Amino acid sequence: MIAIELMETATSAVAHTLSTLASTPLAEPAPKGIDTEGVVTFFASKIAPILLAVLGVIFIGRASRGEISKVLTSSAIAIVGLAFIAGAATLFFIGDYLIDLIFE
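Keep in mind that this is a model prediction, so the values were computed, not measured.

### A short note on the overall build of the protein
For the protein, the helix and strand inventory stands at three helices and zero strands. Scanning the protein from its N terminus toward the C terminus, one meets helices and strands in the order α-α-α. Going through the 104 residues of the protein one by one, you find that 3% of them count as buried. In the structure as shown, the protein presents an accessible area of about 9,200 Å², 75% of it carried by carbon and sulfur atoms.

Okay, structure coming up:
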């Protein structure tokens, strides 16, 4: 009689433990990726205008001191840099289009 009661108690304890383990998640959900579009939008809308304003102030300051050649050189370098950035962005979108076209 005692053995039967012990078996019933052990069985109920094991069943309770297994049901508790079955209801808890074994692993956390996979982390989501970084919102790169949000980061790019933030830099394009907040950081880039500030940097361009700083460059403008520097150029105006140099021009007022008579360093026109340095201002023109710096402006040309800045324009070429912006062209490279725009070209890289264009290649990114063209590459995305080509990948979608090939692996469709």
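From this point, the narrative continues.
### A few points about the packing of aromatic side chains
Summed over the entire model, instances satisfying the criterion amount to one aromatic pair. Between Phe42 and Phe43 the ring centres are 5.9 Å apart and the planes differ by 70°, which places this aromatic pair in the edge-to-face class. Assessed through its relative accessible area of 45%, Phe43 is described here as partly exposed.

### Quick word on the environment of Ser64
The residue Ser64 is located in helix 2 (residues 36-64) in this model. Within the structure, the side chain of Ser64 is placed 2.8 Å from the backbone oxygen of Gly61, a separation counted as a polar contact.

### Examining a nonpolar patch on the surface
Together, Leu91, Ile94, Tyr97, Leu98, Ile99, Leu101, Ile102 and Phe103 make up a nonpolar patch on the protein surface, roughly 910 Å² of accessible area in all. Position of Leu91 relative to the elements: it lies in helix 3 (residues 68-102).

### Topic: the packing of helix 2 against helix 3
Where helix 2 meets helix 3, the axes come as close as 7 Å, and the angle between the chain directions of the two elements is 155°. In terms of their interaxial angle, helix 2 and helix 3 are classed as roughly antiparallel. Considering only the axes of helix 2 and helix 3, their crossing is left-handed. When helix 2 is examined against helix 3, the residues Phe59, Arg62 and Ala63 are found in contact with a partner set consisting of Ile68, Lys70, Val71, Ser74 and Ser75. Among the residues forming the contact of helix 2 with helix 3, the class breakdown is four nonpolar, two polar and two charged.

Rules behind the numbers
Residues numbered from 1 in each chain as written. Predicted model: local features only at pLDDT ≥ 70, side-chain atom pairs only at ≥ 80, totals over all residues. Heavy atoms only, no water. Helix = DSSP H or I, 4+ residues; strand = E, 2+ residues; numbered from the N terminus. Buried < 20%, exposed > 50% of the residue type's maximum accessible area, 1.4 Å probe, protein only. Areas by Shrake-Rupley, 256 points an atom, 1.4 Å probe, with all protein chains shown as cover. Phe/Tyr/Trp six-rings, centres within 6.5 Å; stacked < 30°, edge-to-face > 60°. Polar contact = N/O pair within 3.5 Å; in protein donor to acceptor, adjacent residues only side chain to side chain. Patch = residues over 30% accessible without salt bridge, like charges linked within 9 Å, V, L, I, M, F, W, Y side chains within 5 Å. Salt bridge = Lys/Arg side-chain N within 4 Å of Asp/Glu carboxyl O. Axes fitted to C-alpha atoms, helices over the stretch in contact; angles between N-to-C directions. Parallel < 35°, antiparallel > 145°, perpendicular 65-115°, else oblique. Left-handed = near helix turned anticlockwise from the far one by under 90°. Contact = heavy atoms within 4.5 Å. Nonpolar A, V, L, I, M, F, W, Y, C, P; charged D, E, K, R; others polar.

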